Amino acid sequence: MNLGLSSSQDATMKNYFSMFPEELIASILDAFIINRPMIGKVGGDGFWVHQAGESLYVALFDCMGHGHLASMMTRIYAQTLEKIVKEQEVEDPGTVLRYLHHNLQSKFEGRTNLKIGPGADVGLIKINLSVRKIEFSGAKTDLIQVVDGKSQVIKSARLQIGEYFDQDHDYTTTQLTLDQNKTSNFYLCSDGLKDLIGGEAGKKLGKKRMFDLLEAGYGKPMVSQKVDIMMELNDWQGNHDPLDDLLLIGFSI
Amino acid sequence: MKTSKADFDATCNLFINSVNNYFRHLTEVDSKLNVPYLKESEGLVLKDYTGMIGISGNRKGFVYISANREMYEDLIKIFIGIDKPSDEDILDMAGEISNVVAGNVRANLGANFMISVPVVFQGMPSQLKIPDDVSIYVIPIIWNSHEAFVVIGLQ
């Protein structure tokens, strides 16, 4: 039944995606974003991009839950990151994550019986655009680097943001100086990528296939990689229903 | 295929039960039903924020749940713990409730009752057009002192 409503009248996607400016990252870097909520148009995976002078900040967060309720939580994360980096001018990624956790703690500690938890896996990258330097800090979200078709993992801390308030959340920053003569591809992804159900046996994609997929794109422009990865993921998934939101951010430097 | 009166009544009852269950189980505050009525005059009954879902398959039509901001604010406080939700949060809450209510009805009616993902809007979109051959059933409910409309339109 045609009720005359087009997507331009529907505020759902507009609200969700206006917080995640894909255009900003793509205007600065050779980059792509694949964002596939598990149900409907919105979900609990989100990203945040901010440029300050020579620095570009890219964060990915995988909030608990799915759908509209989780999408509200992604806004809290994006708005809190905005406040910490833009207004409070905190620049070190590890410190930003500690501030983020403390902000979430002050908002949610002691709140019981919520239908959706405030916890999230977060990966935050600070890219120095002039000297090809990367700084990274993560909370249950690793950074994947691919050079010469081989991947390596820059490990994150194992504690989520916004959970386990009685434990010490010490997020540190890893600094990477990049080879001037070789392209590095970087990827941040939510759990939904390696956990994508598919194949003949209905299994998870798994880390091995995920790394193979990312390594196979080395040397190609990011826009081509996006097309290839989407096609591979669709082939893998087949008719299986997804069990999680899926977000993958890739960029080349 | 036109929906028979018996089918229509049965579908409406499923929505009423789904709404009651939603509030009872997720908020632990029961909703109260006011007298439902068939809407005959032109125009729709809408509150400030609405989540609307299209219905296809054996039955064709729509269902929407419409309420004022205060009701969604109370729900968000219970579900997420946000004290001062934004307009975007309110619209997400409108989408969530219509999605869950319609999803539960779908679980009862099976694969021939298909639902779209929700469309959410504030106020009354000028482009919204309801076909003339749709029977519209309005179910006013009260939850936590807030009035909301569950509106079902079926061909």
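Residues numbered from 1 in each chain as written. Chains lettered and ligands numbered in written order. Predicted model: local features only at pLDDT ≥ 70, side-chain atom pairs only at ≥ 80, totals over all residues.

Take the overall build of chain B next. Check the secondary structure of chain B and you find 3 helices and 8 strands. For chain B, the sequential pattern of α-helices and β-strands runs α-β-β-β-β-α-α-β-β-β-β. Radius of gyration (C-alpha) of chain B: 15 Å, near the 15 Å computed for a compact globule of 155 residues. Taking the principal axes of the C-alpha coordinates as reference, chain B spans close to 45 × 35 × 30 Å. Here chain B holds 155 residues, and 41% of them are scored as buried. The contacts in chain B between residues at least 6 apart in sequence include a share of 66% that link residues at least 24 apart. (Helix = DSSP H or I, 4+ residues; strand = E, 2+ residues; numbered from the N terminus. Rg over C-alpha atoms; globule rule 2.2 N^0.38 Å. Buried ≥ 20, exposed ≤ 12 C-beta atoms within 10 Å, placed from the backbone. Contact = placed C-beta atoms within 7 Å.)

A separate point is the pairing of strand S7 (residues 150–154) of chain A. Residue and element names in this part refer to chain A. The buried fraction of S7 is low, at 0 of 5 residues. Judged from the 5 bridges that link them, strand S6 (residues 143–147) and S7 form a sheet pairing that is antiparallel. Residue pairing across strands places Leu143 opposite Ile154, the latter belonging to S7. (Pairing = 2+ DSSP bridges.)

Attention now moves to the interface of chain A and chain B. Listed by partner, the interface residues are 23 residues for chain A and 29 residues for chain B. Going through the elements one at a time, helix H1 (11–18) and helix H3 (67–87) of chain A are the ones with two or more residues in the side of chain A that touches chain B. The element that contributes the greatest number of residues to the side of chain A that touches chain B is H3(A), accounting for 7 residues. Residues that form the side of chain A that touches chain B fall into these classes: 10 nonpolar, 8 polar and 5 charged. (Nonpolar A, V, L, I, M, F, W, Y, C, P; charged D, E, K, R; others polar.)

Our focus in this paragraph is the sheet that holds strand S2 (residues 45–52) of chain A. Residue and element names in this part refer to chain A. Read from one edge of the open sheet, 5 strands run S2-S3-S4-S5-S8, paired in antiparallel fashion. For this open sheet the edge positions go to S2 and strand S8 (174–177), each flanked by a neighbour on one side alone. Looking at each pair of strands side by side, their axes are set apart by 15 degrees on average, direction ignored. Where S2 lies against strand S3 (residues 55–63), 8 bridges are found, and the strand directions are antiparallel. By the bridge assignment for S3, Ala52 is matched with Ser55. (Axes fitted to C-alpha atoms, helices over the stretch in contact; angles between N-to-C directions.)

Even without glycine at this site, A:Glu89 takes up a positive phi of about 55 degrees. For A:Glu89, the position within the fold is in the loop between H3 and helix H4 (93–108).

All names here are of chain A. In spatial order, the strands read S1-S12-S9-S6-S7; together these 5 strands make up an open sheet with antiparallel pairing. Either end of the sheet is taken by a strand with one partner, and the two such strands are strand S1 (30–36) and S7. The mean inter-strand angle of the sheet, taken between neighbouring strand axes irrespective of direction, is 20 degrees. One ladder, built from 4 bridges, connects S6 with strand S9 (residues 184–189); its direction is antiparallel. Pairing of Ile144 across the sheet is with Tyr187, part of S9. Contacting S6, S7 and S9, helix H6 (residues 206–216) runs over the sheet at an angle of about 120 degrees to S7. The strands touched by helix H7 (residues 222–237) within the sheet are S1 and strand S12 (246–252), with S1 carrying the most contacts at an inclination of about 25 degrees.

All names here are of chain B. For helix H1 (residues 5–27), with 23 residues, the first-to-last C-alpha span of 33 Å sits near the 33 Å given by 1.5 Å per residue. Within H1, the full set of buried residues consists of Thr11, Cys12, Leu14, Phe15, Ile16, Ser18, Val19 and Phe23. The inward-facing, buried residues of H1 abut strand S1 (31–33), strand S4 (61–67), helix H3 (87–109), strand S7 (135–143) and strand S8 (146–154). (Expected span 1.5 Å × (residues − 1).)

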